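So the chains spell out like this:
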Amino acid sequence: MGNLTRRNFVIGGGALALSPLIVPRAFAQAKTIKIGALYPLTGNLASTGLDNRRGVELAVEIINGKYDLNLPLARTEGIPGLGGAKLEVVWADTKGEPKNGQAEAERVVTQDHVVGIIGAYQSSVTKVASQATERLKVPYVCSDASSPTLTERGLKYFFRVSPHDGIFAHDQFRFLKDLEAQKKQKVQTVAVLYENTEFGSNVGKEDLRYAQEYGYKVVADISYTNNATDVTSEVGRLIKASPDVLLHASYITDAILFTKTFKEMGFNPKGMLTMAGYIEPGYLPAIKADGNFIIVRSTFALDLAKKKPLVGQVADLFKKKYGIEMSENAARSFMAPFVLAEAISRAKSTDAEAIVKALQGTNIPGDQVIYPWKGIQFDPKTQQNVHATGTLVQIQDQKYLTVWPFESAAADVVWPLPAWKSRK
Amino acid sequence: MADQLLQQVVNSLLIGSVYALVAIGLTLIWGVMNVLNFAHGDFLMIGMFISFWCYTLLKMDPLFSIPVCAAALFLLGAGIYRFIISKVMKGPGLAQLVVTFGVSIFLANLAVMLWTPDFRLIEKPLLSGTWSLGSVQLSIPKFVASVGSVVVSAAVLLFLKKTRTGKAILAVEMNRDAAQLMGINTEKINSLSFGLGSALVGIAGAFLSMYYYIYPQVGGLFGLISFCIVALGGFGSIEGAFIAGILIGLVQTLGGYFFDPAYKYALVFLVYLITVWIRPQGLMGS
């Protein structure tokens, strides 16, 4: 070192400056666990996919970093069971179409060698993607697609954290019964309206089944093509049927168009119980006050923070990172990385069979989830989370407020909803 | 029952006339150049976004941004013709098909990049609300869009039949070589028609933005339906496209009401298939 020339100094300094970039990266590569995330990042559902992505990104940040939160793996860096290995997400764009779901699932498994998969929001896409992962023997943890059939197929590698539409549909009818018993409201007839892909048509089936079971008369049973340019004929049928309650399962585009058409043509049921599209983050900013009084099924609402401080902490982190409120979609996708990473950590291995075995033994207590559930435990047969339940939120003053179950409600339900003409 | 029937017929006409305006732009481009513009639906989307930004940034109601949309889309259409389409006109037909397809994908993704995939609505357009005419609920913005579409369609027809430039466009449509021999600058007519066709879809976009949600993929189904209308009406026929637009509106709305909403678009394409089976040249084609 006695001969330190200026040139050597510069070279050495440069190498030194570069070294943090090079060394930890090589190091990290050896200790990185890749998981694949399938979402509609472009296409019709791109706004939804972006929201799912935010939820997953925040979850992975919490897993990889050190956070004082009561979430699985939050207080440690990375995955403790694998010596603090970091989780890395390989993003796959389904464009909202089943054919891409399958191709992308195959791509991330065969090319990127992911050890597990999460996603894909849409039931139709999740269905084919999980068939591909079953064939390739890769664990799939889903916390956002809700068609009941997904967990009825007896797949070995597929697990679902969130409630399915059968549970949600059941909730809606239990709500109607509660409404009659406790709020002395009379409900006799329902109309069932649903989009005709995997998601909507299964909700339709469940709705019809529960309507019969709970003794409500179905006065209209309408399925329609999603992404319609015009829905006046559907709404015309609804007006003719004049139901007490509308049950609607739809994605966001149709939710916006239907709401506008309800107003325009003056469709006034006593209540609207809806799913999916009505709670997406794009819905209210687009439709504003016309969305008021609509009731949506939900697994998450910001007002849960009153009873569960964890919800508030996570929601704050989310708002700080993205500048917007955490939505239901983001909150749903948020949980899957934790469940998968926690199982990998217990398995102490990235071997698929070991991870599946660990997932089957998952037992995350209720205080470590951001939903009003008793926890996460998978049914040994269907591998559906047995504790997953839903809540109903009502849009009041352009905010989603929990209104059912009545005992955990943050606001009183407004019923019957005011006719369009009488609104300001 | 009868009330809803009347309501449904009214609704069919309202949506059908807007379909017609979208399709007229497409049929004009096809008629003159034999180019199928796959980016037509995306042009509609751009028109809607221009109207949205005029409203949001300049506080300009969609009703007043119609000329802005028309002018902007004219330039976009003519520009895309000059710099992209005209280059492949000499190549094989497939190249023209692929190039407009490429433009379509490019525009949709550009819109996602520039404006995010979020849904927008023009919150308080000048025209809003509904008129109750007896039992029929008539949406005011839809009614104005519909009347506007009819007026613009008629104006286009008049322009083509009565002005020198219009006649030149029709001449090129009839026989390009003969028109060239008569001293018509066909290259100029090409970019003019492409611009004009695009301007029409821009106007349709401004009308739609008064009541429809706006997002990068909004042009998809509108584009597809307008292809169907153009083929049904007869390739290149303005009158045909207008009649076919109204017809498709009727089939879609009444079919959805009486038959089954799940199949209303299937019915639209069924009517198309039956027509081309009986009359391959379309309703007004020659």
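Data block above holds the structure.
Parameters at a glance
Residues numbered from 1 in each chain as written. Chains lettered and ligands numbered in written order. Predicted model: local features only at pLDDT ≥ 70, side-chain atom pairs only at ≥ 80, totals over all residues. Heavy atoms only, no water. Helix = DSSP H or I, 4+ residues; strand = E, 2+ residues; numbered from the N terminus. Rg over C-alpha atoms; globule rule 2.2 N^0.38 Å. Buried < 20%, exposed > 50% of the residue type's maximum accessible area, 1.4 Å probe, protein only. Contact = heavy atoms within 4.5 Å. Areas by Shrake-Rupley, 256 points an atom, 1.4 Å probe, with all protein chains shown as cover. Lys, Arg positive; Asp, Glu negative; His and termini not counted. Charge placed at Lys NZ, Arg CZ, Asp CG, Glu CD. 1 Å grid on protein atoms, 1.4 Å probe; cavity = no way out; pocket = protein on both sides within 12 Å on 5 of 7 lines; lining within 4 Å. Points joined across faces, edges and corners; volume = space filled by probe spheres on them. Nonpolar A, V, L, I, M, F, W, Y, C, P; charged D, E, K, R; others polar. Domains from an automatic or database assignment. Axes fitted to C-alpha atoms, helices over the stretch in contact; angles between N-to-C directions. Parallel < 35°, antiparallel > 145°, perpendicular 65-115°, else oblique. Left-handed = near helix turned anticlockwise from the far one by under 90°. Expected span 1.5 Å × (residues − 1). Buried area = accessible area lost by both parts, 1.4 Å probe. Salt bridge = Lys/Arg side-chain N within 4 Å of Asp/Glu carboxyl O. Polar contact = N/O pair within 3.5 Å; in protein donor to acceptor, adjacent residues only side chain to side chain. Pairing = 2+ DSSP bridges.

Attention now moves to the overall build of chain A. Counting its secondary structure elements, chain A contains twelve helices and 14 strands. The C-alpha radius of gyration computed for chain A amounts to 24 Å, which stays within 12% of the reference 22 Å derived for 424 residues, consistent with globular compactness. If you line up chain A on its principal axes, its C-alpha atoms span 95 × 45 × 40 Å. Looking at chain A as a whole, 60% of its 424 residues qualify as buried. Here the contacts in chain A between residues at least 6 apart in sequence split such that 69% fall between residues at least 24 apart. A total of about 16400 Å² of accessible surface is found on chain A, and carbon and sulfur atoms cover 54% of it. Separation between the mean location of the 50 positive side-chain charges and that of the 43 negative ones in chain A comes to 3 Å.

Glancing now at empty space enclosed by the protein. Residues and elements named next belong to chain A. Summed over the entire model, instances satisfying the criterion amount to one cavity of 30 Å³ or more. Size it by volume and the largest cavity reaches roughly 60 Å³. Tyr121, Ser123, Asp144, Ala145, Ser146, Phe199, Tyr251, Ala276, Arg297 and Arg332 are the residues that line the largest cavity. Considered class by class, the residues forming the lining of the largest cavity number five nonpolar, two polar and three charged. There are two domains that each give the lining of the largest cavity at least three residues, and those are domain 1 (27–163 + 306–376) and domain 2 (166–298 + 391–422).

Residues and elements named next belong to chain A. At a closest axis distance of 8 Å, the pairing of helix H11 (residues 328–347) and helix H12 (residues 352–360) adopts a crossing angle of 110 degrees. One way to sum up the angle between H11 and H12 is to call them roughly perpendicular. The handedness of the crossing between H11 and H12 comes out as right-handed. For the pair H11 and H12, the contacting residues are Val339, Leu340, Ala343, Ile344, Arg346 and Ala347 in the first and Ala354, Ile355, Ala358 and Leu359 in the second. Across the contact of H11 with H12, the residue classes tally to nine nonpolar, no polar and one charged.

Residues and elements named next belong to chain B. Interaxial distance between helix H9 (residues 219–233) and helix H10 (residues 238–258) falls to 8 Å at its minimum, and their mutual angle equals 120 degrees. Looking at the two axes, H9 sits oblique to H10. Note on packing geometry: the crossing formed by H9 with H10 is right-handed. Of the residues in H10, those in contact with Ile225, Cys228, Ile229, Leu232 and Gly233 of H9 are Gly240, Ala241, Ala244, Gly245, Leu247, Ile248 and Gln252. Classifying every residue of the contact of H9 with H10 by side-chain character gives eight nonpolar, four polar and no charged.

So, about the environment of Gly266 of chain A. Tracing the backbone through its elements, the reader meets Gly266 of chain A in the loop between helix H8 (252–265) and strand S9 (271–276). In this structure the C-alpha to C-alpha distance between Gly266 of chain A and Glu180 of chain A, which are 86 residues apart in sequence, comes to 25 Å.

Our next topic: helix H6 (residues 198–214) of chain A. Residue and element names in this part refer to chain A. When the terminal C-alpha atoms of H6 are compared, their 24 Å separation across 17 residues agrees well with the 24 Å that a helix rising 1.5 Å per residue should span. Within H6, burial applies to Glu198, Phe199, Gly200, Asn202, Val203, Gly204, Glu206, Asp207, Tyr210, Ala211 and Tyr214. Two residues or fewer past H6, Gly215 is found with a positive phi of approximately 75 degrees.

Right, let's talk about the interface of chain B and chain A for a bit. Listed as interface residues are 37 residues of chain B and, on the opposing side, 34 residues of chain A. Summed over both partners, the interface of chain B with chain A buries about 3000 Å², with 54% contributed by carbon and sulfur atoms. When the buried surface of chain B facing chain A is broken down by residue, Phe119, Tyr213 and Pro261 of chain B rank first, second and third, together holding 20% of it. With a shortest N-O distance of 3.1 Å, Glu264 of chain A and Lys142 of chain B are connected by a salt bridge. Linking chain B to chain A there are 16 residue pairs in polar contact (both at pLDDT 80 or more). Examining the composition of the side of chain B that touches chain A, we find that six residues originate from one element, helix H1 (residues 2–33) of chain B, more than from any other. Residues that form the side of chain B that touches chain A fall into these classes: 19 nonpolar, 13 polar and five charged.

Below, the discussion takes up the environment of Ala410 of chain A. Residues and elements named next belong to chain A. Take Ala410: it is sitting in the segment after strand S14 (399–404). Residues Ala410 and Tyr371, spaced 39 residues apart in sequence, show a C-alpha to C-alpha distance of 15 Å. Aside from chain neighbours lying at most four places away, what touches Ala410 is Asp303, Lys306 and Thr402.

Turning our eyes to something else, we now look at the sheet that holds S9 of chain A. Residue and element names in this part refer to chain A. With mixed pairing, the seven strands of this open sheet are ordered in space as S7-S6-S8-S9-S10-S13-S14. Both outer strands of the open sheet, strand S7 (217–224) and S14, are each paired with one neighbouring strand and no more. When strand polarity is set aside, the average angle formed by the axes of neighbouring strands in this sheet is 25 degrees. Alignment of S9 against strand S10 (residues 295–298), held across two bridges, turns out to be parallel. Residue pairing in the sheet places Leu273 in a bridge with Ile295 of S10. Sitting on the sheet, H8 touches strand S6 (189–195), S7, strand S8 (245–250) and S9, and the angle it makes with S8 is about 150 degrees.

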